[in-house]
Amino acid sequence: IEIAGKNSRETRTIALWFSEALIQSPFLDLELERAMPARIVLRGEFPADSVGKATLSTSFVQSGQAPVPLSGPKRFSQPELIIALDALALESRLGLGESRSSVQENRKTIAAIVSANAKVARACADAKIWVRKRKFANAIGELKRAIKLDRSCALAITRLAAIYMDLGKPKLALQQT
């Protein structure tokens, strides 16, 4: 993810939204934490004020080769960020060769999977970092905060249940579903 005009926390939020939109594909397996020989790059530029138009695009990059554009550039007003990310994810999946029928069958909006609320997405992104650091109590706190802000956040609910299962607490995991 290469985003100009956003701080690292906002960039993590955008990355979470976009990756969750992409991994609806049964053909994509995204590993964002380590270097891969092939990757999807989301590039964006946001104006300093929230009035101007932002731009996002995606490309497929393989080591040693020129990037292949997948979608964009999309110009949009900042309140339309979620809609633009949904559109970019769909175009990227099609650009990678996924069939239209598969895209239509495996299509949910970012708002349905995560939440349109940036605070909810940010809490989910922070929880992911805490899990990677094996700080499960912190991750649980972030996910509970996300659920408190948006009780329908499927991502937070499933990740919280998964953490409880991993910690050997199946009763707590079942309470999340």
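All residue numbers here refer to positions counted from 1 along the written sequence of the relevant chain. It should be noted that, the model being predicted, local features are given only for residues of pLDDT at least 70 and side-chain atom pairs only at 80 or more, the latter also being counted only at that level, while totals for whole chains, interfaces and linings use all residues. Water and hydrogen atoms play no part in the side-chain values, which are based on all heavy atoms of the structure.

Engineer: Explain the state of the cysteines to me, using residue names and the numbers behind them.
Structural biologist: Pairs of cysteine sulfur atoms within 2.5 Å are what we label disulfides. With the rule as written, the count across this model stands at 0 disulfides. No disulfide involves Cys-124; its sulfur sits 3.9 Å from that of Cys-153, the nearest cysteine. Buried means the residue's accessible area, taken with a 1.4 Å probe over protein chains only, is under 20% of the maximum for its type, while exposed means over 50%, and partly exposed covers the values in between. Residue Cys-124 is classed as buried on the basis of its relative accessible area of 0%.

Engineer: Describe the nonpolar core, and please don't skip the residues or the numbers.
Structural biologist: Counting residues in each nonpolar core, the largest one holds 42 residues, and the members touching the most others are Trp-17, Leu-42, Phe-46, Leu-56, Leu-81, Leu-85 and Cys-124. Only DSSP runs of H or I with at least four residues qualify as helices, and only runs of E with at least two residues qualify as strands; both kinds are numbered from the N terminus onward. Contributions of two or more residues to this core are made by α1 (8-22), β3 (53-62), α2 (81-95), α4 (110-113), α5 (118-132), α6 (136-149) and α7 (154-166). Take this core: its biggest share by element is 7 residues, from α7. Within this scheme, the nonpolar core is defined by two criteria: the residues are buried Ala, Val, Leu, Ile, Met, Phe, Trp, Tyr or Cys, and they are joined through side-chain atoms within 4.5 Å.

Engineer: Which residues make up the packing of aromatic side chains, and what are the values?
Structural biologist: Paired rings are identified among Phe, Tyr and Trp, the last through its six-membered ring, by centres lying within 6.5 Å, and are further divided according to the angle between planes into stacked (under 30 degrees), edge-to-face (over 60) and tilted (the rest). Overall, the coordinates contain 1 aromatic pair when judged by the stated rule. Judged by centre distance (6.0 Å) and plane angle (80°), the ring pair of Phe-46 and Phe-76 falls under edge-to-face. Here Phe-46, found in the loop between β2 (38-45) and β3, pairs with Phe-76, found in strand β4 (residues 68-77); they are 30 residues apart in sequence, far enough to count as distant. Here Phe-46 falls in the buried class, since its relative accessible area comes to 6%. Note on Phe-76: relative accessible area 3%, which makes it buried. In this scheme, Lys NZ or Arg CZ marks a charge over a ring once it lies within 6 Å of the ring centre and within 35 degrees of the ring normal. For the cation-ring pair, Lys-133 lies above Trp-130, with the distance from its terminal atom to the ring centre recorded as 5.5 Å.

Engineer: Can you lay out the pattern of salt bridges for me, pointing to particular residues and giving the numbers?
Structural biologist: One side-chain nitrogen of Lys or Arg within 4 Å of one carboxyl oxygen of Asp or Glu is enough to make a salt bridge. Across all of its chains, the model carries 7 salt bridges by this definition. Of the charged contacts in the structure, one is a salt bridge between Glu-91 and Lys-74, with a shortest N-O distance of 2.5 Å. Here Glu-91 is found in helix α2, whereas its partner Lys-74 is found in strand β4, with 17 residues between them in sequence. Between Glu-142 and Arg-145 there is a salt bridge, with the nearest N and O atoms lying 2.8 Å from each other. In this pair, Glu-142 and Arg-145 are both assigned in helix α6, 3 residues apart and thus about one turn of the helix distant.

Engineer: Residue-level account of α5, with values.
Structural biologist: In this analysis, the expected span of each helix is defined as 1.5 Å times one less than the number of residues it contains. The first and last C-alpha atoms of α5 sit 21 Å apart over 15 residues, in line with the 21 Å expected at 1.5 Å per residue. Listing the buried residues of α5 in full gives Val-120, Ala-121, Arg-122, Ala-123, Cys-124, Ala-125, Asp-126, Ala-127 and Ile-129. Note on definitions: a residue-residue contact is assigned when non-hydrogen atoms from the two residues lie within 4.5 Å. Where α5 is buried, its residues contact α1, α6 and α7. Nitrogen and oxygen atoms within 3.5 Å of one another constitute a polar contact, given that in protein one can donate a hydrogen and the other can accept it, and given that sequence-neighbouring residues count only through two side-chain atoms. Two or three places before Lys-119, at the start of α5, stands the capping residue Asn-117, its side-chain oxygen 2.8 Å from that residue's backbone nitrogen.

Engineer: Report on the packing of α6 against α7, specifying residues and quantitative values.
Structural biologist: Close contact between α6 and α7 brings their axes to 9 Å; oriented N to C, the two are set at 150°. Classified by the angle their axes make, α6 and α7 are roughly antiparallel. Crossing angle aside, the handedness with which α6 passes α7 is left-handed. Between α6 and α7, the contacting residues are Phe-136, Ala-139, Ile-140, Leu-143, Lys-144, Ala-146 and Ile-147 on the first element and Ala-156, Ile-157, Arg-159, Leu-160, Ile-163 and Tyr-164 on the second. All amino acids are sorted into three groups, where Ala, Val, Leu, Ile, Met, Phe, Trp, Tyr, Cys and Pro are nonpolar, Asp, Glu, Lys and Arg are charged, and the leftover types, Gly among them, are polar. In terms of residue class, the contact of α6 with α7 is built from 11 nonpolar, no polar and 2 charged. Each axis is a line fitted through C-alpha atoms, taken for helices only over the stretch in contact, and angles between the N-to-C directions span 0 to 180 degrees. An angle counts as roughly parallel when it lies under 35 degrees, as roughly antiparallel when it exceeds 145, as roughly perpendicular when it falls between 65 and 115, and as oblique in every other case. Put simply, a crossing is left-handed when the front helix is turned counterclockwise from the back one by less than a right angle, and right-handed when it is turned clockwise.

Engineer: How would you summarise α7 if you had to cite specific residues and measurements?
Structural biologist: Taking 1.5 Å of rise per residue, 13 residues should cover 18 Å, and α7 covers 18 Å from first to last C-alpha, within 8% of that figure. Within the sequence span of α7, burial applies to Leu-155, Ala-156, Ile-157, Leu-160, Ala-161, Ile-163 and Tyr-164. In this structure, the buried residues of α7 make contact with α1, α4, α5, α6 and α8 (170-176). Just beyond α7, the residue with positive phi is Gly-168, at close to 75°.

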